[in-house]
Every structure is written in C-alpha cells, then in structure tokens.
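A closer look at the structure
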Amino acid sequence: MRNRILAIAAIAAAIGAPVAVQAQSEITTGVVRGGVEGIAVDQRPAFREYIVRERVPNYTIPDRVIVGGVLPETGVTYYDVPQTFGVTPYRYTVVNGQTVLVEPRTRRIVEVVE
C-alpha cells in the first residue's frame with residue numbers, strides 16, 4: 001500500500017512539475033498567458049518616452065506592484081495603449097513609479113514595463 005502511494009505521488013510530481021515551472025516563468029518575466037503580448041521588448045524605450053511626454057500621472061498604492069496584482073477599482077485612471085506600440089487588449093497606467101499593463105475588466109497587472 002505504501003509503495004502504491006509513493007508511486008502515485010511520484011507520478012503526480014512528474015506531471016505537475018512542467019506546469020509549475022511554466023507558471024513561475026510567466027510570473028517572473030511578465031509574460032502574458034494566452035499568447036497575447038503586451039509591449040514588445042524593442043518598443044519599450046519608445047513607450048516609456050511616450051509615457052513621460054504625455055505626463056501620465058503617477059498613482060500611489062500601498063501594495064507592491066507585481067504581475068498578478070490587482071489595482072484598486074477607484075482612484076486610478078487607465079489609458080488605452082496607442083496602436084503604434086502594437087495592438088493589445090490591455091490598458092496602461094503608472095503606479096508607484098512603474099508603468100504597468102492592466103487587464104481592464106479585472107484590473108489585474110499583466111506586465112510591468114521596464
């Protein structure tokens with residue numbers, strides 16, 4: 001019986017490991033699930049310049065700004081990403097000095113643009 005439980009646990013670990021690694025990779029790199037991308041890496045410097053030029057206000061929140069975090073429902077303004085930076089379903093804002101892409105329906109941060 002004990003050998004059977006150990007075998008089942010080993011199989012479950014082998015099956016779950018690739019999923020856990022992929023999820024961790026998505027969180028640390030800011031990659032958006034579902035294949036929809038945010039701002040392309042080569043477009044980020046121009047996007048940051050655009051943010052400065054447009055004088056987008058910086059909102060301060062008490063939480064850390066991380067991929068997967070949810071921004072407040074009120075008190076933060078979300079802006080459409082100009083099509084020159086690629087077609088994306090996300091909006092952007094600046095929070096705690098960091099530009100973020102946000103899923104507008106849930107206000108979940110999908111990318112921190114660095």
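Throughout what follows, the structure given in this document is the object of discussion. The shown structure was predicted, so the numbers you read here are calculated from the model rather than taken from an experiment.

General note: in soluble globular proteins, nonpolar side chains tend to be found buried as a group. Counting 13 residues, the largest nonpolar core has I39, F47, I51, V81, Y92 and L101 as the members making the most contacts within it. Not counting chain neighbours up to four residues away, the residues in contact with F47 comprise I39, V81, P82, F85, Y92, T99 and V113. The next biggest cluster of nonpolar side chains, apart from the first, holds eight residues, and it includes L71, V100, V102 and V112.

Within the secondary structure layout, E111 lies in strand 5 (residues 108-113). Only 2.5 Å separates the side chain of E111 from the side chain of R44, close enough to count as a polar contact.

Glancing now at the environment of D63. Within the element layout of this structure, D63 appears in the loop between strand 1 (58-59) and strand 2 (79-80). In sequence terms D63 and V95 are 32 residues apart; their C-alpha atoms lie 9.9 Å from each other.

Cut-offs and rules
- All residue numbers refer to positions counted from 1 along the written sequence of the respective chain.
- Two thresholds apply to this predicted model, a pLDDT of at least 70 for residue-level local features and 80 or more for giving and counting side-chain atom pairs, whereas whole-chain, interface and lining totals are computed over all residues.
- Side-chain figures throughout are based on the complete set of non-hydrogen atoms in the structure, without hydrogens or water.
- For this analysis, a nonpolar core means a set of buried residues of the types Ala, Val, Leu, Ile, Met, Phe, Trp, Tyr and Cys, connected via side-chain atoms within 4.5 Å.
- Categorising residues by exposure relies on relative accessible area from a 1.4 Å probe, with only protein chains included: less than 20% of the type maximum marks a residue as buried, more than 50% marks it as exposed, and the intermediate range marks it as partly exposed.
- Throughout, a residue-residue contact means that at least one pair of heavy atoms, one from each residue, lies within 4.5 Å.
- Note on conventions: DSSP H or I runs of at least 4 residues are helices, E runs of at least 2 residues are strands, and numbering of each starts at the N terminus.
- Under this definition, polar contacts are N or O atom pairs within 3.5 Å; protein pairs additionally need one hydrogen-donor-capable and one acceptor-capable atom, and for neighbouring residues in sequence, both atoms have to be side-chain atoms.

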